[in-house]
Each structure stands twice: as C-alpha cells, then as structure tokens.
Amino acid sequence: MTGRRPILSTPLSSTVSANHRRVRAAALSAVAVTACVSLAAGCGVIPGMSASTDDAIKVMTWAPQGTSATNKPGMPAMASAYVKWINSEGGINGRKLKLVTCNDHNSSVGAASCAQRAVDENVVAVVGSYSQFGDSYFAPLEGAAIPYIGGYGASNEEFTSPVSYPVNGGSLTLLSGLGEALADSCGPVTLVRPDSIAGDQLPQLLDSGLQAGGHAKAIDQLAAEDLTEYDQQSQKALESATSNSLKTGCVVPELGDRTATFMDNFQRARQDYPKVKTAAEVGSVDQTVINSTGGASGPYEGSYITGWYPVASDSRWDGMKKVISKEAFGDNRIDPADAGVQTTWIAYKVLTAALEKIGDGEVSADSVRHTLNDGLKVDTGGLTPSLSWPYQGKLAAAGFARLVNADVNVQTVKGGLLQSANKQALDMTKVLENADLS
C-alpha cells in the first residue's frame, strides 16, 4: 500500500463544491486548448459540455490490462456487461448509461491520465475501478469533484479522500482479519513481505488481528522487491514456522504479484520440513490465481484466505451471474469468482441506487456525490453490510475516515475451490481502531 494521504479537516460543503465547479471549469478549458494544439489529440466535443445529444449518463471504469504485472480486465468487462443489462431494462429512471473505459497500464502516469480523461469526458462517476496509484488519480478527481465509487482498496487514499466511496476495506481489513482467523489455529506465524515502505505497514495489520486473538506477533521476514526466485526465503520461512514442535506453524506470503513465484518455490521446499499451514488474503490470492496454479494440486490447497465478500458459490451472487450469462456469455475476461469483478458489480449497484434516488433530477458528478453524502443507505443483497458514507466514519480516528465496511470473510481452499470457513463475517472495526498503524 502507499503512504497515507492527509485527511481533509472540512467536508465538501456547498461552498467548496462551488469552488470545485469553478476549478473544474477552468481546468477543462485549459485541457481543451492544449488538446486542440496537439496534433496527436483529436479535438471533438468541448470538455465540460455534453458529449452527446441524448440523455445518457456517462460513467467511467478503469483498470490495468496487458501489463507484465497486475491486470484486472474483468473489471471493465463487468462494467460493460452491467451497462448493457441496465440499458436493456430501460435504463435508470428512463435514462441510459454510457460507459467509458480506460487502461491505467499499472503506472502512476497511466492512472493520472485516466483520471484526467474522466474530467475531460465529464463523467458523473468513476465506478468499480482498480489502480494502485491513488496519489496520482485522486487529485484530478478531487479538483473536478467526481465521485470514485467502489475502488479495489489498493491504496490508502481510497479511505481518506472526500470523493471516495469504497465498498470494501482493502488490505487493511483483510490482513487484520487474517491475523484474527489464524490466532487460534497457528503456532509460530511468519510473514514474508517486501522490504519497502509499502511493506512496512503489513506487520502491524497482521499483528493487530493476531494479538486480538491472543497470539504473539508474527515473525517479520523481509524480501527484496526485485527477486525472481525465493528458495532461500522459503527455507527461512519454513524454519521459523516450524520452530515450535507442539503446534503447526503458518506462513503468510504478502508479496503482491510475486506471491505466486514465492509459493512455487515454497511448495518444493516444504517437502523437507514438518507440516505448515499457509494463508493469504484475496488481494494476493483469489480463485483465478488458485485455478492458474493447479487448483487442488497446486500450492494453495488447504490455505486460509480472507476476502471481502461471500464465496462465489453463494446464492447472493446469482443476480450478477445472470447478468454475465445474458450480456457477456463466453467473455473469458469475466470470472464471477474474481474479487475485482465482484467489486465492480457492487459498485454499480451503489451507482444505480444513487441515480434512482436522484430520480428525475439533474444527474451530474455533484448530484451523485451529494446524494451519497446525504445519508443514502445501499442494500447490496447481503454481499456487504448496508453501505453509507458519513463524512467521518468509525475509523476516522485511525486515519481512514472513508472506510465504512470492515467485514472480512474467512475462506479455505478445498478441492481447488474457495469455500467459506466461517458462518458470518468478522467485523474488524474495533481491531483496527486499536491497531498501531503509525
């Protein structure tokens, strides 16, 4: 995760919103002039004006695609399926949605470019998107007062920006929830994580859950960010996890895109050591990763995994699956078990609820944001708690004013499939309130 963004001390009042609109207008005019001067950029509709003569409501979804690292093609694909479905049903209050997608290429420049395009396209919201670079894309969105609904939770800024409306708790909740889930069943716990500023917060999160369950802190094992093999790190993790012969130890790899590489090395090395358990969170491992690494015969069989939502086989996902079947049958980018796809579905349900609340009124970034700020409660059919975004949430004192859903679902891999391991979600609010995340 990135460093925290300073928390704003005042809400987006009507005065501030007016200022945002003036800033937005000036910025859009400047962008229009620049775009027309450039031979590489075609100059069509003037930014800030309606992009079409119809009454369509324009929204954007972005995610990295085609990169050598993180890719989330299922998120814009799910957005496209949702928009096709909602339009086939007559739209929302008789108005159709129009989707703009963007590839942030998993880079800070790409993220800023997508955000600027959202401003240029005059979208009413950015919905169900993924980017690790909140410090790059939130500035343009805040300047234009465009709401960011249901990001993946990949950056701390998603839980501090006044224009952010997250639907899950990001890695903050997943790691603390993982710690609480492991406290009763594990002996020594070893966390393998990057030797970086972003990695420095991970031990505190995992330890907050472990200590809440009466367990000692995890053994913090650092690994260089640029490693291409983890033989030594695997052996070291196994040695520390098996240091207590009376209780089975656990290894938690938190290495982002390199987690799969670590697990491949770890799977070979573990044959020479006593049995250990493995655990991860859905930000590092989800069903698509389990499938791609061998399923039931792969390295994640038997692992504990924490996720934000119920498992994909839960009937509460039936509505999403029907939409995918109707509008995106055969589109292999969309996996109903992918956490990004699931987040996008929920985010668009939030947008739909806000637009239905607005009714026949003017639909704009301002009206969507004000509707979300004015106490709207969104029922997601049990996929999350009822969602609403007060200016200061329960975790404001911990530095995350916009984090409103701290629920974590504990899952385990059986037969290559994620299955529920707890009857109800763990609410990590109190654990995070007491965590030392400085």
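In what follows, the structure referred to is the one given above.
Keep in mind the model is a prediction, meaning the values are calculated, not measured. (Residues numbered from 1 in each chain as written. Predicted model: local features only at pLDDT ≥ 70, side-chain atom pairs only at ≥ 80, totals over all residues. Heavy atoms only, no water.)

Q: Tell me about the overall build of the chain, and name the residues and values.
A: From N to C terminus, the chain includes 13 helices and 13 strands. Out of the 438 residues belonging to the chain, those deemed buried represent 55%. Taking the intrachain contacts of the chain between residues at least 6 apart in sequence as the baseline, contacts between residues at least 24 apart amount to 70%. Taken as a whole, the chain presents about 18,000 Å² of accessible surface, with 50% of it coming from carbon and sulfur. (Helix = DSSP H or I, 4+ residues; strand = E, 2+ residues; numbered from the N terminus. Buried < 20%, exposed > 50% of the residue type's maximum accessible area, 1.4 Å probe, protein only. Contact = heavy atoms within 4.5 Å. Areas by Shrake-Rupley, 256 points an atom, 1.4 Å probe, with all protein chains shown as cover.)

Q: Tell me what's going on with the state of the cysteines, and back it up with residues and numbers.
A: Following the criterion strictly, the structure yields two disulfides and no others. Linked covalently through their sulfurs, C102 and C114 form a disulfide whose S-S length is 2.1 Å. Linking C102 and C114, the disulfide has an S-S dihedral of approximately -85° and is accordingly described as left-handed. Here C102 is found in strand β2 (residues 97-102), whereas its partner C114 is found in helix α3 (residues 108-121), with twelve residues between them in sequence. (Disulfide = S-S within 2.5 Å.)

Q: Explain the layout of surface pockets to me, and be specific about the residues and the numbers.
A: A volume near 1,400 Å³ is recorded for the largest pocket. Mapped by element, the contributors of at least two residues to the lining of the largest pocket are α8 (259-269) and α9 (287-292). Ranked by the residues each element gives to the lining of the largest pocket, the list is headed by α9, at three residues. Here the residues of the lining of the largest pocket are counted per class, giving 18 nonpolar, 17 polar and ten charged. (1 Å grid on protein atoms, 1.4 Å probe; cavity = no way out; pocket = protein on both sides within 12 Å on 5 of 7 lines; lining within 4 Å. Points joined across faces, edges and corners; volume = space filled by probe spheres on them. Nonpolar A, V, L, I, M, F, W, Y, C, P; charged D, E, K, R; others polar.)

Q: Please provide a residue-by-residue account of the nonpolar core, values included.
A: By size, the foremost hydrophobic cluster in this structure holds 78 residues, and its most contacted members are M78, I149, L206, W345, L355 and L372. At twelve residues, the largest contribution of residues to this core is made by helix α11 (residues 339-358). When neighbours within four sequence positions are excluded, L206 is seen to be in contact with L175, L178, G179, V189, L191, A218 and V252. Ranked by size, the runner-up nonpolar core spans 20 residues in total, among them A237, M263, V276 and I290. (Core = buried A, V, L, I, M, F, W, Y, C linked by side-chain atoms within 4.5 Å.)

Q: So, α8: which residues are in play, and what are the values?
A: Of all the positions in α8, only T259, F262, M263, N265, F266 and A269 are classed as buried. Along α8, the residues classed as buried sweep out an arc of 165° about the axis, all on the same side. Close packing links the buried residues of α8 with β6 (189-194), α7 (231-241), β8 (250-253) and β9 (277-281). (Arc of directions from axis to C-beta.)

Q: For the packing of α3 against helix α4 (residues 134-144), give the residues involved together with the corresponding values.
A: Where α3 contacts α4, the axes come no closer than 7 Å and their chain directions differ by 15°. One element, α3, and the other, α4, form an angle in the roughly parallel class. With respect to the hand of their crossing, α3 and α4 are arranged in right-handed fashion. From α3, S108, A111, A112, A115, Q116, A118 and V119 reach across to α4, where they touch S136, Y137, P140, L141 and A144. Here the contact of α3 with α4 is composed, by residue class, of nine nonpolar, three polar and no charged. (Axes fitted to C-alpha atoms, helices over the stretch in contact; angles between N-to-C directions. Parallel < 35°, antiparallel > 145°, perpendicular 65-115°, else oblique. Left-handed = near helix turned anticlockwise from the far one by under 90°.)

Q: Could you give me a rundown of the environment of Y304, with the residues and numbers involved?
A: With respect to the helices, strands and loops of the structure, Y304 is situated in strand β10 (residues 304-307). Since its relative accessible area comes to 22%, Y304 is described here as partly exposed. Those residues in contact with Y304 that lie beyond four places of it in its chain are L178, L182, S185, K277, T278, A279, A280, V410 and Q411.

Q: Give me the lowdown on the pattern of salt bridges, citing residues and values where you can.
A: One pass over the full model with this rule turns up ten salt bridges. One salt bridge in this structure joins D264 and R268, with 3.0 Å as the shortest N-O distance. Here the residue D264 and the residue R268 both occupy positions in helix α8, the gap between them amounting to four residues, near one helical turn. On the basis of relative accessibility, which here comes to 42%, the residue D264 falls in the partly exposed class. Given the relative accessible area of 46%, R268 is considered partly exposed. One continuous salt-bridge network, built from bridges that share partners, spans K58, R117 and E121. (Salt bridge = Lys/Arg side-chain N within 4 Å of Asp/Glu carboxyl O.)

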